[in-house]
Amino acid sequence: MQDNATEVTAAGIARLAGVGRAAVSNWRRRHADFPKPVGGTETSPSFGLAEVESWLRKQGKLAEVPLRERVWQQLAGHPEGPLTGLTHAGCVLLLIHDRPTVWLEASAGSDERLAAMLPGALEGVLVPRFGAGGVKGASVKGTSAVNPGSAVNTHPAVHTPTGPELLPSAPLLRGVAELATELAVETPAGTGTRETFEFLLRRHLDANPRQYTLTPGELAALMVELAGPARTLLDPACGTGALLRAVGPGPEQELYAQDNAPELAALTALRLALQARVTVRAAAGDTLRADAYPELRADAVLCHPPFNERNWGHDELAYDARWEYGFPARNESELAWVQHALARLADGGTAVVLMPPATASRRSGRRIRADLLRRGALRAVIALPIGAAPPYNIPLHLWVLRRPEKAPAQPEVLLVDTGQYATEGRGGPDWREVREAVLDAWQAFDRAGTLQERPGVARALPVIELLDDDVDLAPGRHLPPPTAADGADALTVVRERLGETLRLTADLTPPPAESARLARWPLTTVGELARGGAVVMRSGGNGGHARVPVLTDHDVLAGTAPSGTLPESDEEAVLTEPGDVVLPVLGGGSVARVIDDATGGAALGRNLVLLRPDPTALDAWFLAGFLRGTANNRQASSYASTATRLDVRRLQLPRLPLDEQRRYGARFRALDDFERALRRAGRLGEQLVRGMYDGLTDGTVAPD
């Protein structure tokens with residue numbers, strides 16, 4: 001099979017050659033022999049990878065394609081799709097890990113010979129690792145095998161691919177093996193196989209962020225710690241395997257996984273098998289409708305289920321034995337997952353389930369919540385900060401459940417709220433603080449069955465106090481406020497910070513202005529400077545790398561950290577650097593922000609223009625200061641019916657020597673410091689006022 005079956009986009013060509021996407025567009029226009037598109041669309045064409053590599057080498061634009069990039073392009077352009085390529089790659093990496101000599105023998109000949117020999121070789125690795133047929137051979141606690149009848153509606157996660165299936169993957173598989181060898185040298189502690197698979201999987205997830213709901217690694221680790229030590233673990237909605245991957249491998253450990261998407265179940269199985277030599281059983285199928293492990297009794301269940309699923313099997317499963325605590329309503333799919341997790345636990349086993357906050361208070365689920373409380377199955381509800389996991393705009397909950405061996409005499413439930421550890425932007429919460437608060441409270445409660453109140457953070461509440469008409473389990477509604485001392489001390493700290501900021505503001509207040517004659521400088525425009533090379537001008541785009549924080553126009557106007565995201569696309573993101581000047585082009589107003597070290601590296605968002613001055617010709621603060629002039633902005637703006645748009649090329653600034661520019665730049669920078677101090681004082685003032693209102697109304701602050 002020729003490499004030419006692998007396709008690459010214009011953005012991929014740019015990465016291969018180490019240039020911007022605009023350069024690729026220029027090559028297509030100027031060079032008649034540039035490879036013709038072989039697929040894609042008119043606006044986003046794709047090209048044969050082999051042809052592109054050959055052309056780049058012929059033009060002297062590519063000495064050698066980096067191995068990682070070449071393998072990734074082979075995977076991204078796989079004829080059967082990247083998930084098929086990734087699954088085949090995982091199977092071969094497992095073969096290389098377990099039987100490297102067999103791979104060397106199979107790969108010695110042509111692609112056709114490789115594809116013909118691989119199925120037999122892979123069979124000898126996949127069956128011992130995953131069991132015969134995946135489901136039927138699984139080892140289950142208390143029984144010799146999982147119910148074979150369930151195999152009618154479930155499928156083994158990893159099957160041995162046939163020769164014809166493997167033939168299109170042959171170039172990719174050779175590249176993967178080569179990359180594993182290279183990474184084995186870079187990571188002496190590993191074999192390179194796991195590192196290779198993780199690199200390709202991570203790259204695929206980054207390139208397709210909207211196709212998958214991922215569990216952040218910090219949250220997965222916290223859920224594993226809440227579950228405690230376990231030999232047998234189940235994830236019934238495994239996705240890409242983040243939860244089971246966070247489990248530290250132990251002796252004789254058994255990991256069970258199931259997912260409705262066959263490709264995700266396969267990726268999870270391969271990912272876990274490459275991580276450690278533990279028993280892995282994975283199945284593809286609808287967990288609620290066709291459970292692959294009906295006889296399993298696990299020590300722990302970890303689950304990040306799909307939220308708000310109305311088509312979860314409500315009509316078919318009305319008499320299912322798993323609804324021990326009540327039949328979930330059609331809009332309560334999460335409570336179906338909770339009861340499935342409890343049904344698959346051994347007595348005394350622990351389940352940790354990620355839940356949307358509405359499940360704690362919806363009236364349709366109050367009877368099931370009440371029975372979970374009464375019988376001691378629900379042990380804790382933990383409110384996470386906003387931004388802990390997708391969807392990032394709501395504070396998700398963790399429910400910690402335990403299969404009760406007997407009903408407790410006077411049950412209590414632990415309620416924890418970690419909302420105070422949220423941070424601004426999209427960087428996620430302060431996970432160290434979240435972990436300490438949650439685990440300290442849970443471990444103390446788990447040992448004693450109760451917990452001394454921790455105002456504002458945690459409380460153990462007698463179940464009887466929650467069994468009212470609502471059975472509302474939202475932690476924030478039941479936790480006591482911070483103690484008076486804590487509240488007063490916190491407000492004192494805010495007041496002191498406000499005082500310091502106000503004093504700094506006073507120190508930064510500009511001195512009285514000295515009168516001067518109207519300046520008659522020779523002027524130039526940004527457009528002229530850009531044509532002369534004194535400044536590089538770039539516009540923010542509509543796509544980029546999913547993991548890079550994005551500087552938005554709101555961030556520029558408010559003076560805050562990058563807070564946005566952009567969808568993954570072929571368009572190359574514009575990354576900011578310290579010393580750049582960024583301006584919003586919509587909405588009117590005169591604003592220009594000089595990028596500092598903290599903001600450098602962020603992607604430029606929509607409706608922003610970046611100016612990168614040549615420091616030998618133009619001072620950045622001088623440039624930003626003069627671009628903020630009201631008259632300057634007025635003459636460079638155009639007006640539509642609903643918006644004002646700034647034409648950055650028409651903005652003017654004087655022609656001054658560099659030393660004189662720096663004199664002005666120093667004054668502009670001082671004004672920027674003053675403006676930032678004013679913003680900080682405003683935020684602290686609002687925080688103090690809000691805290692005083694809260695303290696006076698909840699009794700933590702005395703009126704005198």
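Remember, it's a predicted structure, so these values are computed and weren't measured experimentally.

(A) Summary view of the overall build of the chain. A tally of helices and strands in the chain yields 22 helices and 23 strands. Within the chain, buried positions represent 49% of all 704 residues. Considering only intrachain contacts with a sequence separation of at least 6, the fraction spanning at least 24 residues in the chain is 73%. Accessible area of the chain: about 32800 Å², with a carbon and sulfur share of 50%.

(B) Representation of the packing of aromatic side chains. Scanning the model with the defined rule gives 13 aromatic pairs in all. Arranged with centres 5.8 Å apart and planes meeting at 50°, the rings of W27 and W55 form a pair that is tilted. One end of the pair, W27, is in helix α2 (residues 21–30); the other, W55, is in helix α3 (residues 49–58), and 28 residues separate them in sequence. As far as burial versus exposure is concerned, W27 and W55 are alike and both buried. Between Y256 and Y293 the ring centres are 5.2 Å apart and the planes differ by 75°, which places this aromatic pair in the edge-to-face class. Residue Y256 is found in strand β6 (residues 254–259), and its partner Y293 is found in the loop between β7 (279–284) and β8 (298–303); the two are separated by 37 residues along the sequence. Feature note: the residues W521, F622, F626, Y664 and F668 constitute an aromatic cluster, connected by ring pairs.

(C) Representation of the environment of V8. Take V8: it is sitting in strand β1 (residues 7–9). Relative accessible area serves as the criterion here: at 1%, V8 is assigned to the buried category. Measuring from C-alpha to C-alpha, the distance between V8 and Q73 comes to 6.3 Å, with 65 residues separating the pair along the chain. Excluding anything up to four places from it in sequence, V8 contacts I13, P45, S46, F47, L49, V52 and Q73.

(D) Spotlight on the packing of helix α5 (residues 82–98) against helix α7 (residues 111–130). The contact between α5 and α7 brings their axes to 10 Å, and the two run at 80°. Taken together, α5 and α7 sit at an angle that is classed as roughly perpendicular. Across the interface between the two elements, C91, V92, L94, L95, H97 and D98 of α5 pack against L118, A121, L122, V125, L126, R129 and F130 of α7. Looking at the contact of α5 with α7, its residues break down into 10 nonpolar, 1 polar and 2 charged.

(E) A look at the sheet that holds strand β4 (residues 155–156). One open sheet holds the 10 strands; their spatial order is β4-β7-β6-β5-β8-β9-β11-β10-β12-β13, and the pairing between them is mixed. Each having just a single partner strand, β4 and β13 (458–462) make up the two edges of the open sheet. Relative to strand β11 (residues 397–402), strand β10 (residues 378–383) runs antiparallel, the two sharing 5 bridges. Counted as the bridge partner of V381 is W399 from β11. Lying on the sheet, helix α15 (residues 366–374) is in contact with β10, β11 and β12 (412–417); it crosses β11 at an angle near 50°.

(F) Expanded view of unusual backbone geometry. In the segment running from P390 into P391, the intervening peptide bond is cis, with an omega of -5°. Within the secondary structure, P391 is located in the loop between β10 and β11. Positive phi, close to 55°, is recorded for N308, a residue that is not glycine. Considering the arrangement of structural elements, one finds N308 in the loop between β8 and α14 (333–343). By relative accessible area, which is 54% here, N308 ends up exposed. Non-glycine residue N607 carries a positive phi angle of around 65°. As for its position among the elements, N607 is in the loop between β19 (603–604) and β20 (608–613).

(G) Looking closely at the sheet that holds strand β3 (residues 45–48). The 3 strands are arranged β1-β3-β2 in an open sheet whose pairing can be described as antiparallel. The outermost strands of the open sheet, each flanked by one partner alone, are β1 and β2 (39–40). Note: β2 against β3, 2 bridges, orientation antiparallel. Each bridged residue has a counterpart across the sheet, and for G39 the counterpart in β3 is S46. Sheet strands touched by helix α1 (residues 10–17): β1 and β3. Its angle to β1, the strand with the most contacts, is close to 85°. The strands that α3 touches are β1 and β3; relative to β3, the one it contacts most, it runs at about 75°.

Basis of the calculations
- Residues numbered from 1 in each chain as written.
- Predicted model: local features only at pLDDT ≥ 70, side-chain atom pairs only at ≥ 80, totals over all residues.
- Heavy atoms only, no water.
- Helix = DSSP H or I, 4+ residues; strand = E, 2+ residues; numbered from the N terminus.
- Buried < 20%, exposed > 50% of the residue type's maximum accessible area, 1.4 Å probe, protein only.
- Contact = heavy atoms within 4.5 Å.
- Areas by Shrake-Rupley, 256 points an atom, 1.4 Å probe, with all protein chains shown as cover.
- Phe/Tyr/Trp six-rings, centres within 6.5 Å; stacked < 30°, edge-to-face > 60°.
- Axes fitted to C-alpha atoms, helices over the stretch in contact; angles between N-to-C directions.
- Parallel < 35°, antiparallel > 145°, perpendicular 65-115°, else oblique.
- Nonpolar A, V, L, I, M, F, W, Y, C, P; charged D, E, K, R; others polar.
- Pairing = 2+ DSSP bridges.

These results come straight from atomic positions and should not be treated as a statement about function.
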